[in-house]
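Close look at the chain arrangement
Here are the chains, one letter per residue:
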Amino acid sequence: MSDQPRFRVLSLGAGVQSSTLLALSAEGVLPKVDYAIFADTGWEPKAVYAHLDRLERDIANPAGIPVLRVSSGNIREDALDPEHRFASMPLHILNKDGRPGMTRRQCTGEYKIKPIKQKVREILGYPHPARIPKGVFVEQWVGISTDEFHRAKDADVQYMRNRHPLLDISWSRAHCVRYLTSLGLAGTPKSSCLGCPFHGNAQWRHIRDTSPDEWADVVEFDAAIRNGNARANATGNHLLGQAFLHRSRMPLNQAPIDHVTAAERAAQHISAEEAEELENGVVDGCSPWACRGDAAHDDFDLAA
């Protein structure tokens, strides 16, 4: 039984850390990955799709690294389709008695992890439900930097073994930003759904102030999910309260997104690169094995 992986794959979210890993691999600073897999929720910001195209054209293709785009569907359309089973987003809930709550987060598993696993199985030659022999595995790179080392964790299946190369070379997010800037990739966007409930105020402002059509899209979606997802309502599982995208539990077009949070205030005391990230709302993002929104969620000031 070999202890060597069948191939090396990068979980490519197209955010700062995973973009850095792709470039380091393409340049030969790190070993070459055999594949980069992007799990598409169908509702990423336009800037993310444009950045992904640029990564593929200018970084991956010249190095001979295939970028594979996989998907389990369109998360926005699925949420509003009464005929479609929906893996819930972590919506902010205002219960009838006034208490706050959140719905379970199933979206990462359904729209990020599941399609990556399916593609890995397919490449290995053991598509579901085929049994993968013991000892057959792939090495999967995940973009975790030193400032979030606590998010590094193993995959939940034996045929995938996670590795975190940025930790191996002791790179922080600031290192990654400087490196990407040196390659002409300054302003790498945050990778997460356009209407992710984990967005901070800075990210909501960024959408509103830079992309009116995307802002109209998220405002419309926010209103549409007030009573929960369409499938649950169609089957009689009505939400006992109201659902919102913004953590203030107010309609998005009325929410206090112009309030500057503690994270943004902290930008006054950190590097210019990190300050720019906070101001642009790109710190909290969606990685299949490390959703950064959990920590960002703790930074909301209810007094806003």
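Residues numbered from 1 in each chain as written. Predicted model: local features only at pLDDT ≥ 70, side-chain atom pairs only at ≥ 80, totals over all residues. Heavy atoms only, no water.

The next point concerns the packing of helix α7 (residues 201-210) against helix α8 (residues 212-224). Here α7 crosses α8 at 125°, and the two axes come no closer than 5 Å. Our classification of the angle between α7 and α8 gives oblique. Side by side, α7 and α8 meet where W204, I207, R208 and T210 of the first sit next to P212, E214, W215 and V218 of the second. (Axes fitted to C-alpha atoms, helices over the stretch in contact; angles between N-to-C directions. Helix = DSSP H or I, 4+ residues; strand = E, 2+ residues; numbered from the N terminus. Parallel < 35°, antiparallel > 145°, perpendicular 65-115°, else oblique. Contact = heavy atoms within 4.5 Å.)

So, about the sheet that holds strand β8 (residues 241-244). What links the strands of a sheet is backbone hydrogen bonding, and the strands pair in either a parallel or an antiparallel sense. Pairing is antiparallel in the open sheet, where three strands are placed in the order β5-β4-β8. Sheet topology places β5 (100-102) and β8 at the edges, where each strand pairs with a single neighbour. Going from strand to strand, the sheet's axes swing by 30° on average, the running direction of each strand aside. Two strands pair when backbone bridges link them, and strand β4 (residues 92-95) and β8 are joined in this way by four bridges, in the antiparallel orientation. Across the sheet, I93 pairs through a bridge with A243, a residue of β8. (Pairing = 2+ DSSP bridges.)

Over its twelve residues, helix α1 (residues 16-27) extends 16 Å from the first C-alpha to the last, a length consistent with the 16 Å expected when each residue adds 1.5 Å. Most of α1 is tucked away, with ten of its twelve residues classed as buried. Those residues of α1 lying buried are V16, Q17, S18, S19, T20, L21, L22, A23, L24 and S25. Residues of α1 that are buried in the fold lie against β1 (8-11), β2 (35-39), α2 (46-63), β6 (138-141), α5 (165-168) and α6 (173-182). Of the residues one or two after α1, G28 is the one with positive phi, at around 85°. (Expected span 1.5 Å × (residues − 1). Buried < 20%, exposed > 50% of the residue type's maximum accessible area, 1.4 Å probe, protein only.)

Moving on: helix α4 (residues 107-124). Between its first and last C-alpha atoms α4 spans 25 Å; for 18 residues at 1.5 Å apiece the expected length is 26 Å, and the two agree. Within α4, 13 of the 18 residues are buried, which leaves the element mostly enclosed by the surrounding structure. Of the residues trailing α4, G125 is marked for its positive phi of about 95°.

Core analysis: the biggest nonpolar cluster contains 28 residues, and L10, L12, L22, A36, L55 and I65 have the highest contact counts within it. Those elements that provide at least two residues to this core are α1, β2, α2 and α6. Among the elements that line this core, the one with the most residues is α2, at six residues. The contacts of A36, once residues within four sequence positions are left out, are L10, L12, L22, I65, P66, V67 and L68. One finds M89, Y111, C193 and L194 within the second-largest nonpolar core, a separate group that totals 26 residues. (Core = buried A, V, L, I, M, F, W, Y, C linked by side-chain atoms within 4.5 Å.)

Below, the discussion takes up the side chain of S191. The residue S191 is located in the loop between α6 and α7 in this model. Only 2.4 Å separates the side chain of S191 from the backbone oxygen of G13, close enough to count as a polar contact. (Polar contact = N/O pair within 3.5 Å; in protein donor to acceptor, adjacent residues only side chain to side chain.)

For the structure shown, the criterion picks out 19 salt bridges. A salt bridge links D97 to R99; the nearest nitrogen and oxygen atoms lie 2.6 Å apart. Accessibility expressed as a relative area gives 52% for D97, which makes it exposed. In this structure, the salt-bridge partner of R208 is D209, at a minimum N-O distance of 2.8 Å. Residue class for D209 comes out exposed when judged on its relative accessible area of 53%. Among the ionic contacts, a cluster of salt bridges with common partners joins R8, E139, R163 and D168. (Salt bridge = Lys/Arg side-chain N within 4 Å of Asp/Glu carboxyl O.)

Ordered by their spatial adjacency, five strands build an open sheet running β3-β2-β1-β6-β7, and the pairing between neighbours is parallel. Edge positions in the open sheet fall to β3 (67-70) and β7 (160-163), since each of these has one partner strand only. Each adjacent strand pair in this sheet contributes to an overall mean axis angle of 30°, direction not counted. Contacting β2 and β3, α2 runs over the sheet at an angle of about 155° to β3. Most of the contacts of α4 go to β2, to which it runs at about 145°, and overall it touches β1, β2, β3, β6 and β7.

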